[in-house]
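Reading the structure
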Amino acid sequence: MAGHQSTKQTPRVLAIASGGGHWVQLLRLRPAFEGARVTYVSVRPAYASDVPGQRFIAINDATRWDKVGLAKMAFKLLWIMLRVRPNVVISTGAAPGYFAIRLGKLLGARTIWLDSIANVEEMSMTGMLVKDKATLWLTQWPHLAAENGPQCHGSVL
Amino acid sequence: MIFVTVGAQMAFDRMIKAVDQWAGKSGRTDVFAQIGPAEYTPRHIAHTGFLEPPQFAERAKAARVIVAHAGMGSIITALTMGKPILVMPRRGDLRETRNDHQIATAQRLSELGKVVVAMDEEELIERLGRLEEVSAAGAIGPYAQDSLIAAVRGVVFPTQGR
């Protein structure tokens, strides 16, 4: 992309989450992206004010029951992914993160799923769906970590 | 000032109704509630459907205590500001959210001393009656635990190592 200062060493990160708690938890990971070129994606245009000076793209929100909304979201995300060409895709949930992780994997990106701290008893449904697609598959609760399950390296709190 | 919030996604009339009734009975007038796409219209408390992030932060900052659904957005906001937070979990069987995850979240975080929990309307009204006892857990920093940041960074910058 012309106009951007980037070198081969600067990874492009796509950081994506739906609204509310998912977005708030993603923001708490920001130091992990320092030095990378980050594109944030979420579901409310007003969230741009949370990441001043960074690229932010708003997409539509959709739940698992809204097939039309989900299809629209998936296509929009495919378009974003092809433009951004991320080296890394990271998500804290839910539906947008699911699509982004799948598409990211397909396009050869490294992928990180951090299940929301709200999922105390088991991994979220979307979390389970990306199990095999995530380079790093994380829970925030030590008691949910398992050898063939998610890893735990601490929480956003 | 008491700031009440149901989060950005859904209404939570059961909680708002309880707070409203309590405010009416106790004569408390310094309550402001963000109620979402609600069917119940509060009669005793100031309210709005939604707040954009800056306005939300402003209301939260001005509050002595925050009363909220057990959503992580609300809880993390309160914790970063060092505000006491009283939460009432949404119930899956009442279709207040997709499942009972808020009940488990609220219980765990209460065990960790991060939040005070009221499991239902009755308990909420009871806790509101002795709100001065709800104290802050101590402010948390703006970012995740270092160990989590390091794990994520290891994948973002794989060649740098640690």
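Now for a look at the structure at hand.

A tally of helices and strands in chain A yields four helices and seven strands. Secondary structure elements of chain A, listed N to C terminal, follow the sequence β-α-β-β-α-β-α-β-α-β-β. What you see for chain A is a C-alpha radius of gyration of 15 Å, in line with the 15 Å of a compact globule of 157 residues. C-alpha atoms of chain A, sized along the principal axes, occupy 45 × 35 × 30 Å. Looking at chain A as a whole, 48% of its 157 residues are labelled buried. Residue pairs in contact within chain A that sit at least 24 positions apart in sequence constitute 50% of those at least 6 positions apart.

Here the focus is the interface of chain B and chain A. At the junction of the two partners, chain B supplies 29 residues and chain A supplies 35 residues. Among the secondary structure elements, those contributing two or more residues to the side of chain B that touches chain A are helix H2 (53-62), helix H3 (72-81), helix H4 (101-111) and helix H6 (146-156) of chain B. For the side of chain B that touches chain A, the element with the most residues is H6(B), which contributes eight residues. Among the residues forming the side of chain B that touches chain A, the class breakdown is 17 nonpolar, nine polar and three charged.

All names here are of chain B. Taken together, six strands build an open sheet; the order of strands is S3-S2-S1-S4-S5-S6 and the sheet is parallel. With one partner strand each, in any of the chains shown, strand S3 (46-48) and strand S6 (116-117) form the two edges of the open sheet. Pairing between strand S2 (residues 31-34) and S3: three bridges, direction parallel. Each bridged residue has a counterpart across the sheet, and for Phe32 the counterpart in S3 is Ala46. Contacts from helix H1 (residues 13-26) reach strand S1 (2-5), S2, strand S4 (65-69) and strand S5 (85-88), with the element oriented near 165° to S2.

Turning our eyes to something else, we now look at the nonpolar core. Residues Ala15(A), Val19(B), Ile66(B), Ile75(B), Val87(B) and Val152(B) are the most contacted members of the largest nonpolar core, which totals 92 residues. If sequence neighbours within four positions are ignored, Val87(B) has contacts with Ala68(B), His69(B), Ala70(B), Ile75(B), Ala106(B), Val115(B) and Val117(B).

Take the environment of Ser135(B) next. Note on placement: Ser135(B) falls in the loop between helix H5 (121-129) and H6. Spatially, the C-alpha atom of Ser135(B) lies 21 Å from that of Ile16(B), the residues being 119 residues apart in sequence.

Our next topic: the sheet that holds strand S2 (residues 37-42) of chain A. Residues and elements named next belong to chain A. Taken together, seven strands build an open sheet; the order of strands is S3-S2-S1-S4-S5-S6-S7 and the sheet is parallel. The open sheet terminates on both sides in strands that have one partner only, identified here as strand S3 (55-58) and strand S7 (151-152). Across three bridges, strand S5 (residues 110-114) lies against strand S6 (residues 136-139) in parallel orientation. Note on S6: the bridge partner recorded for Ile112 is Leu136. Against the sheet, helix H3 (residues 95-106) engages strand S1 (12-17), S2, strand S4 (88-93) and S5, with an angle of about 160° to S4.

Let us look at unusual backbone geometry. Here the bond from Gly93(A) into Ala94(A) is cis, since omega is -10°, no more than 30 degrees from zero. In the Ramachandran plot, Arg85(A) falls in the positive-phi region, its phi being about 50° despite a non-glycine side chain. As for its placement among the helices and strands, Arg85(A) is situated in the loop between helix H2 (67-84) and S4. Classification of Arg85(A) as exposed rests on a count of 12 C-beta atoms within 10 Å. Not every positive phi belongs to a glycine, and Arg95(B) is a case in point at roughly 60°. Following the sequence through the fold, Arg95(B) ends up in the loop between S5 and H4.

Parameters and conventions
Residues numbered from 1 in each chain as written. Chains lettered and ligands numbered in written order. Predicted model: local features only at pLDDT ≥ 70, side-chain atom pairs only at ≥ 80, totals over all residues. Helix = DSSP H or I, 4+ residues; strand = E, 2+ residues; numbered from the N terminus. Rg over C-alpha atoms; globule rule 2.2 N^0.38 Å. Buried ≥ 20, exposed ≤ 12 C-beta atoms within 10 Å, placed from the backbone. Contact = placed C-beta atoms within 7 Å. Nonpolar A, V, L, I, M, F, W, Y, C, P; charged D, E, K, R; others polar. Pairing = 2+ DSSP bridges. Axes fitted to C-alpha atoms, helices over the stretch in contact; angles between N-to-C directions. Core = buried A, V, L, I, M, F, W, Y, C linked by C-beta atoms within 7 Å.

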